[in-house]
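These are the residues of each chain, in order.
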Amino acid sequence: MICVSLGRTRHSSIMEEHRALASKGAELVELRVDYMRKKPDIGLLLKERPTPVVVTCRRRSDRGRWFGTEEQRLSILREAIIAGAEYVDLEDDIAKSIRRYGKTKRIVSYHNFEETPIELYDIHRRLSQCDPDVIKIVTMANSPGDNVRMLEMVSAAQVPTVGFCMGELGTISRILCGRAGSPFTYASFSREREMAPGQLSYAEVRNLYRFNKITKDTKVFGVIGDPIAQSKSPLIHNAAFRKLGIDAVYLPLRVPADGLLASLKEYDSLGISGYSVTIPHKEAVLQFCDSLDAETDEIGAANTLYKSDGEWKATNTDASAAMEAIQSGMLKAGGSHELVGRKVLILGAGGVARAIGYALQNDGATVTITNRSRDRGKALAAELKCQFASWENRGAESCEILINCTSVGMHPNLNETPFEPNWLSDSTLVFDTVYNPEQTLLLKHARERGCPTVGGIEMFVRQAGRQFELFTGESPPLDYMTETLRRAMSAARMVVAPESEKTEDDESESDD
Ligand code: NAP
């Protein structure tokens, strides 16, 4: 079950949003009455409430907004109990001073906005002595391992325990706490209205991560990187799971650069079945895997870790995805998809340039590398045994295929291009690996010139599709993944599953 936290300054707003949430299928709503500008009228808020509620009145020392005295706060909580609220939230230090009455269930809570203390079990024991129906322990995650300790504690608890970590590092425990036995997790009304660090919106928790469907059998996958908040991988992998009815969830996992190996070992105890790997871990992740294929070894970087026969295998799906995208572009342009002898100019010398460069060389293309930082470009050209052109002279290079592997033109720098329009010749196939935005300035110039083009989405969805296949053994619904990504990007909602993506299952949940 998902408990949606509502905090508004006016009674009318809180009641209106409460009704809106109920119409979207919310089963439990936390009324954060400390957000109200005037003294809360508990009778009014609870009268004709459309869902069961948790009444919470958080003081300022616990990052709440309560403006009155402590005495007044306690009397509001007692009033909520007398009025028959389904739950009241009582911090551990006041729980004993508020008596049990009627059917109202007592959530005895502990919050720590600094850390996840080592003594989680001691805290749990202390809370269990305060006559709880539900224990709630919410702490700040400072490392991936904090989530693991928290979920282990929730699993071992004898009293129903809501336990998860806050902050960007805490997302995994917010989503997997139900699987560990937590009776509910918390979500905000919307992303803009997060009420605790890292809190996800109701739409994300319900439609994107499908919290209510996660069980002990649900397979868990994720993307590791830093930063990770803007990654679109969760959007398309979860959409594909939903489309094919696969019991799996895919999470964004922020893993700091210096903590990769330790984090992966810690996550092992959560039974994670596979990872997409992004900046800055694509090279370092090779130290973690048990084996890797020859191409990935040659490229020296992986974007995928998957379990096979109990072993962690690393592979790079970027290279094959880019090749497929280029070749389908060549076919669409009416030519052959043969790469042997084709003259290709690659802009950039980072990880993507390296992966694409290796694959093109292996397929017999004649590759030239150019890069803003001369030494890096020359080093990659030497490694690939291909030609190098200086960045200043890149416009003078003639090529049949131009590939942008720099981040120039990427959101928010929409007005930038790495290649001037007058340098393009009209038969050149232009492939921009940048996928946000889909229509980069480089692609716009290329189309105006009459050049065939391939957008970064073509590669992004294919590399994810190949991962999906390795993760699940199923063919990926590529068109659906593409459509989902396009729709989300055009709506500028990169993480939340669009309303229209709800499945029939989701709809029937809201009717319950
Ligand atoms: P990376 O290793 O950080 O390399 C970045 C490259 O961009 C370097 O060559 C860098 O040149 C160049 N660059 C950055 N800012 C520049 C500027 N202002 N002018 C000229 N060159 C500049 O990153 P990566 O992993 O290779 O990713 C590169 C791009 O590929 C990303 O930005 C992303 O849009 C795209 N990508 C697409 C997919 C997909 O599936 N479609 C997947 C991954 C990445 P210096 O060496 O001079 O710094």
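Residues numbered from 1 in each chain as written. Predicted model: local features only at pLDDT ≥ 70, side-chain atom pairs only at ≥ 80, totals over all residues. Heavy atoms only, no water.

Glancing now at the sheet that holds strand β17 (residues 387-390). Spatially, six strands are ordered β17-β16-β15-β18-β19-β20 in an open sheet, and the strand pairing comes out parallel. The outermost strands of the open sheet, each flanked by one partner alone, are β17 and β20 (453-454). Bridging between strand β15 (residues 343-347) and strand β18 (residues 401-404) involves four bridges; their strand directions are parallel. Residue I346 lies in a different strand from β18, and its bridge partner there is I403. Lying on the sheet, helix α13 (residues 374-384) is in contact with β16 (366-371) and β17; it crosses β16 at an angle near 160°. Seen against the sheet, helix α14 (residues 441-448) touches β18, β19 (429-432) and β20 and runs at an angle of roughly 165° to β19. (Pairing = 2+ DSSP bridges. Helix = DSSP H or I, 4+ residues; strand = E, 2+ residues; numbered from the N terminus. Contact = heavy atoms within 4.5 Å. Axes fitted to C-alpha atoms, helices over the stretch in contact; angles between N-to-C directions.)

Turning next to the environment of S336. With respect to the element layout, S336 can be found in the loop between α11 (317-332) and β15. Once the C-alpha coordinates of S336 and K136 are considered, the two residues, 200 residues apart in sequence, prove to be 62 Å apart. Dropping the residues within four chain positions of it, S336 is found in contact with M330 and R342. Among the polar contacts made by the side chain of S336, one reaches the main-chain amide nitrogen of E338 at a distance of 2.9 Å. (Polar contact = N/O pair within 3.5 Å; in protein donor to acceptor, adjacent residues only side chain to side chain.)

Relative orientation of the contacting elements helix α5 (residues 144-156) and helix α9 (residues 260-268) amounts to 15°, with a least axis distance of 9 Å. Judged on the interaxial angle alone, α9 and α5 are roughly parallel. Of the two possible hands of crossing, α5 and α9 adopt the one that is left-handed. For the pair formed by α5 and α9, the contact residues are P144, G145, N147 and V148 on the first element and S263, E266 and Y267 on the second. Counted by class, the contact of α5 with α9 contains three nonpolar, three polar and one charged residues. (Parallel < 35°, antiparallel > 145°, perpendicular 65-115°, else oblique. Left-handed = near helix turned anticlockwise from the far one by under 90°. Nonpolar A, V, L, I, M, F, W, Y, C, P; charged D, E, K, R; others polar.)

Moving on, we get to the domain arrangement of the chain. Taken domain by domain, the chain comprises domain 1 (2-216) and domain 2 (320-460). For domain 1 versus domain 2, the separation of C-alpha centres amounts to 50 Å. (Domains from an automatic or database assignment.)

A separate point is helix α4 (residues 120-128). Those residues of α4 that fall on the buried side of the exposure criterion are L120, I123, H124 and L127. The arc enclosing the buried residues of α4, seen along the axis, measures out at 100°, which places them on a common side. Buried residues belonging to α4 abut β5 (105-112), β6 (134-140), α5 and β7 (161-166). (Buried < 20%, exposed > 50% of the residue type's maximum accessible area, 1.4 Å probe, protein only. Arc of directions from axis to C-beta.)

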